[in-house]
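# Residue-level structural notes
Read off the chains here:
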Amino acid sequence: MPFVKAIGLVLRTQPWRENDKLVFLFTRERGRLLAGARGGRRPQSHWGGALEPLTELDLLFYQKGDHLLITQWQILRSHCDLRAEMSLCGPALYLVELVGALLHEEDPHPQLYEELKGALAALSSRRSPTLVTNAFILKMLSLIGYWPSLEKCALCGRMVGGSLFYFSPPAGGVLCPVCRHLGGIALTVPGEVLEQARQLLQASWETLPSHARGSEELSDLLRLFLAAQLEKGHSAVQTFRAKMRQAERSLPSSPSFWT
Ligand SMILES: [Zn+2]
C-alpha cells in the first residue's frame, strides 16, 4: 500500500530542497516519523499553520521508496495557546523534544502518545508547568522501561527505608547504606520527594491538582536521572524497546496499531 494514514504531533521541521520542508512527527500509529512537505518553505505556502511545532494533524502519507510525503492533512489541534506564551511554550517543547530524543523512527507507542496529549492539555488548562513536566517524565519512564528503583537498592536489591534516601542517577535508583559509595554520585533525597513521584505516576491528567506547584527537587532529580540513563548507551535502550514491543504485541486485546 503506497498510502499510509496516521495521527501525529509535529515535533519540529527543517528546510529541505529549495521549496520543501522535512517534518519530524510523533505519530500514534507508527511512532516517530520523518516526512516531506512539498512547498512547505514557500512564503505563501498552502500549509498555513500545519507545520508549526506542537500541532496535531490527521495525516495521509504517500510512500515513495524510502521516503514519506504528506499528501493530505487536517489540523486536529493547533496548540497555538501553548506557542503564544513563553512560560508554556518552553515546557511543551521540552516534552516533545524528549519524546523525539528517546524514540526511534517507526517505534510505535500509542500509550505514550496519549500521555503526551494529556500533558499538553494539562499545560493548556494552566496546571503548573513543573508539575506537568514531572508527571509526564515519570509516566514516560514507566512506559519505556526506565522506571527508577525507589524501594529496593538499585545495586544489591535490599529493601531501603527511612525518611532520607541516597539516590544515584547512574545506578538507576536508591542505594542502601552499604552500596551508597559504589553507585557514583548519590544525592540525598527526602522520602516525601519519592512519595510525590509515586503519586504523580498514578495520577490522571484530569485529577492533577490545579493549584499545586511541582517540586523543583523532584524536577532536578528526574532530569539528572534521565541524563544518566540516556548516557548508558544505545544498546541498553534498544534492549528496553525490544522487550517493550514484544510485551505489547503479546497482549490478546492488542489494538490494530501494529497491522
Ligand atoms: Zn545495596
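Residues numbered from 1 in each chain as written. Predicted model: local features only at pLDDT ≥ 70, side-chain atom pairs only at ≥ 80, totals over all residues. Heavy atoms only, no water.

### Comments concerning the coordination of the zinc ion
Our working rule: For Na, K and Ca the donor cut-off is 3.2 Å, and for all other metals it is 2.8 Å, counting N, O and S atoms only; because water is absent from this set, sites may look incomplete. Working rule for geometry: tetrahedral if four donors all subtend angles between 85 and 135 degrees; square planar for four, octahedral for six, if opposite donors exceed 155 degrees and the others stay between 65 and 115; irregular in every other situation. In DSSP terms, a helix is any run of H or I states spanning at least four residues, a strand is any run of E spanning at least two, and both are numbered starting from the N terminus. Only protein chains enter the accessibility calculation, which uses a 1.4 Å probe; a residue is then buried when its area is under 20% of its type maximum, exposed when over 50%, and partly exposed in between.
Looking at the metal site, the zinc ion is ligated by Cys-153 (SG), Cys-156 (SG), Cys-176 (SG) and Cys-179 (SG), spaced 2.3 to 2.4 Å from it. Every donor counted, the 4 donor atoms about the zinc ion form angles of 103 to 115° at the centre, which fits tetrahedral coordination. Summarised as a motif, the one-chain spacing of the donors to the zinc ion is C-x2-C-x19-C-x2-C. Of this pair, Cys-153 sits in the loop between helix H4 (129-143) and strand E6 (164-168) while Cys-179 sits in the loop between strand E7 (173-175) and strand E8 (187-190), and the two are 26 residues apart along the sequence. In this structure Cys-179 comes out as buried when scored by relative accessible area, which is 7%.

### With respect to the packing of aromatic side chains
Applicable threshold: In this analysis, rings of Phe, Tyr and Trp, with Trp reduced to its six-membered ring, are considered paired at centre separations within 6.5 Å, and the interplanar angle assigns stacked below 30 degrees, edge-to-face beyond 60, and tilted for intermediate values. Only when the NZ atom of a Lys or the CZ atom of an Arg is both within 6 Å of the ring centre and within 35 degrees of the ring normal do we say a charge sits over the ring.
Taken as a whole and assessed by the stated rule, the structure comprises 4 aromatic pairs. Aromatic pair Phe-26 and Tyr-113: ring centres 5.5 Å apart, planes at 55°, arrangement tilted. A residue pair is termed long-range when its members are at least 10 positions apart, and Phe-26 in strand E2 (residues 20-27) and Tyr-113 in helix H3 (residues 110-124) qualify at 87 residues. For Tyr-113, a relative accessible area of 0% puts it in the buried group. Looking at Arg-12, its charged tip hangs above the ring of Phe-24, at a distance of 3.9 Å from the centre. One Lys or Arg, Lys-139, reaches over the ring of Trp-205 and ends 5.4 Å from the middle of that ring.

### Some details on empty space enclosed by the protein
Note the following rule: Buried and open spaces are told apart on a 1 Å grid over the protein atoms alone, a cavity being a set of points where a 1.4 Å probe fits but cannot get out and a pocket being an open set with protein on both sides within 12 Å along at least five of seven lines. Residues with an atom within 4 Å of a point are the lining residues. Grid points are joined across faces, edges and corners, and a volume is the space filled by probe spheres set on the points.
Considering all chains together, one arrives at 2 cavities of 30 Å³ or more under this definition. The calculated volume of the largest cavity comes to roughly 40 Å³. Around the largest cavity, the lining residues are Leu-138, Pro-148, Leu-150, Phe-167, Leu-194, Ala-197, Leu-218, Leu-221 and Leu-222.

### Brief notes about the layout of surface pockets
Basically, it comes down to this: Under the convention adopted here, Pro, Cys and the residues Ala, Val, Leu, Ile, Met, Phe, Trp and Tyr are nonpolar, Asp, Glu, Lys and Arg are charged, and Gly plus all remaining residues are polar.
Within this model, the second largest pocket holds a volume of roughly 180 Å³. For the second largest pocket, the lining is made up of 13 residues, of which Leu-34, Ala-35, Asp-66, His-67 and Leu-68 are closest to its centre. Mapped onto the lining of the second largest pocket, the elements with two or more residues apiece are strand E3 (31-37) and strand E5 (67-77). The greatest single-element share of the lining of the second largest pocket, amounting to 4 residues, is contributed by E3. Its residues assigned to classes, the lining of the second largest pocket comprises 6 nonpolar, 3 polar and 4 charged.

### Topic: the confidence of the model for the chain
Filter applied, for reference: Along the chain, pLDDT gives the predictor's confidence residue by residue, from 0 to 100. By definition, residues are in contact when any of their heavy atoms lie within 4.5 Å.
Per-residue confidence for the chain averages 86 on the pLDDT scale, and 89% of its residues sit at or above 70. Taking the mean pLDDT of every element in the chain, the minimum, 46, falls on helix H7 (residues 234-249) and the maximum, 96, on H3. Scored below 50 in pLDDT, residues 243-259 makes 15 contacts in the model with residues more than four places away or belonging to other chains.

### Let's talk about the pattern of salt bridges
Keep this limit in mind: Salt bridges are defined by distance alone: a side-chain nitrogen of Lys or Arg within 4 Å of a carboxyl oxygen of Asp or Glu.
For the structure shown, the criterion picks out 8 salt bridges. As a salt-bridge pair, Glu-29 and Arg-28 come within 3.0 Å of each other at their nearest N and O atoms. We classify Glu-29 as buried; its relative accessible area is 14%. Taking the shortest distance from any N to any O, the salt bridge between Arg-83 and Glu-52 comes out at 3.9 Å. With a gap of 31 residues between them, Arg-83 in helix H1 (residues 80-84) and Glu-52 in the loop between E3 and strand E4 (56-64) connect regions that are remote in the sequence. By relative accessible area, Glu-52 is classed as partly exposed at 38%.

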